[in-house]
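One letter stands for each residue in the lines below.
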Amino acid sequence: MMTFIWPYVFLLLPLPLAIFRFLPKAKQQIMPLYMPQLAEHAFHDLEGQPASNRFKSIMLIAFWISFIIALANPVHYGDPISLPATGRDLMLAVDISGSMQERDMVIEGRRVDRLTATKLVVDDFLSKRQGDRIGLILYGGTAHIQAPLTYDIQTVKTFLNEAQIGFAGDGTAIGDAIGLGIQKLKDRPESHRVIILLSDGVNNTGTAEPLEAANFAKKTHIKIYTIALGHPRSRYPLDEKTLADIAKTTNAAFFRARNSQELLEIYELINKMEPVEQEAEVFRPQRAVFYWPLGFALAFLLLGVISQGITLRSTARNSTPRKQQPEEAN
């Protein structure tokens, strides 16, 4: 389907004719394509003109029409593409504090740190969330939006895989991470709002208290699933009670992941959440095609200039007097 972004430009189509009708003719032609002459050649009665003038007039008219079409910015719309119509808005809040470097997780028989295990499990989790809009919050001493809500799950995976321990400072600001998630979800449909918060520590910094943030999340109809990560005998303290209270306050669930297998099972369980219908969204790809009429306009103009040049040379050659031959002596 073709349409024009600026259709009102077509009002300029009769401009050369208007110039020819209402402006006085130039006494001296300065340029071969001076506008009044262009209009005169283009809009006079073509049948009464020589063949060369008729061709030039046609080229000038074709140039002007093509130029106006290009100026109106034509675009071509492709077939409608339906965006996902089901799913949820999920904000993942991942702890990248110093305690996430503890190597008490096992992946495929090798011991890895907690953040590495989290990346592998969450990567698989995200692959199964087609139709959801996913956002990513990374937090330590401060909380940061690493990826806003988006259908581009691959980009979210990339941002998570690039995360490094300590990038968000020292400490664990659980309350701030929840507050940031609320800020990004509060304007979304109520039944879609979900935060999945993973932590392996104790809230010890930040401006928001975790339970106060959880109460505000409940008022804004946001569910917060919490995951406590780490072995019970770890040297880092883990506040399971606060994480459990956060989930309970928001009518969600609390999970305990002591190893990578439990973490995987937890994300598999969350992955089975029933999707909720959303308003259908339709996207039509748009492609600009102004360069086609612009190319034709330049071609017609070039042909008109060439025709004018040929006419001038022919006129000059015909008007040049021939040299008289000297009379032979008698």
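Structure: above.
### Observations regarding the environment of M100
Tracing the backbone shows M100 in the loop between β5 (89–95) and β6 (105–107). Expressed as a C-alpha distance, the spacing of M100 and T116, which sit 16 residues apart in the sequence, is 8.7 Å. For M100, the contacting residues outside a window of four places in its chain are D95, D113, R114, L115, T118, I165, L198, D200 and L229.

### Quick look at helix α6 (residues 174–185)
Compared with the 16 Å implied by 1.5 Å per residue over 12 residues, the 17 Å span of α6 between its first and last C-alpha is a close match. Judged by how many residues are buried, α6 sits mostly within the fold: nine of 12 residues are covered. Along α6, the residues classified as buried are I174, G175, D176, A177, I178, L180, G181, I182 and L185.

### Some words on the sheet that holds strand β15 (residues 286–288)
Ordered in space as β1-β2-β15, the three strands form an open sheet in which the pairing is antiparallel. In this open sheet, the two edge strands, each paired with only one partner strand, are β1 (2–4) and β15. Taking each pair of neighbouring strands and ignoring which way they run, the sheet shows an average axis angle of 35°. Pairing geometry for strand β2 (residues 74–77) and β15, over three bridges, is antiparallel. Residue pairing across strands places Y77 opposite Q286, the latter belonging to β15.

How each quantity is defined
Residues numbered from 1 in each chain as written. Predicted model: local features only at pLDDT ≥ 70, side-chain atom pairs only at ≥ 80, totals over all residues. Heavy atoms only, no water. Helix = DSSP H or I, 4+ residues; strand = E, 2+ residues; numbered from the N terminus. Contact = heavy atoms within 4.5 Å. Expected span 1.5 Å × (residues − 1). Buried < 20%, exposed > 50% of the residue type's maximum accessible area, 1.4 Å probe, protein only. Pairing = 2+ DSSP bridges. Axes fitted to C-alpha atoms, helices over the stretch in contact; angles between N-to-C directions.

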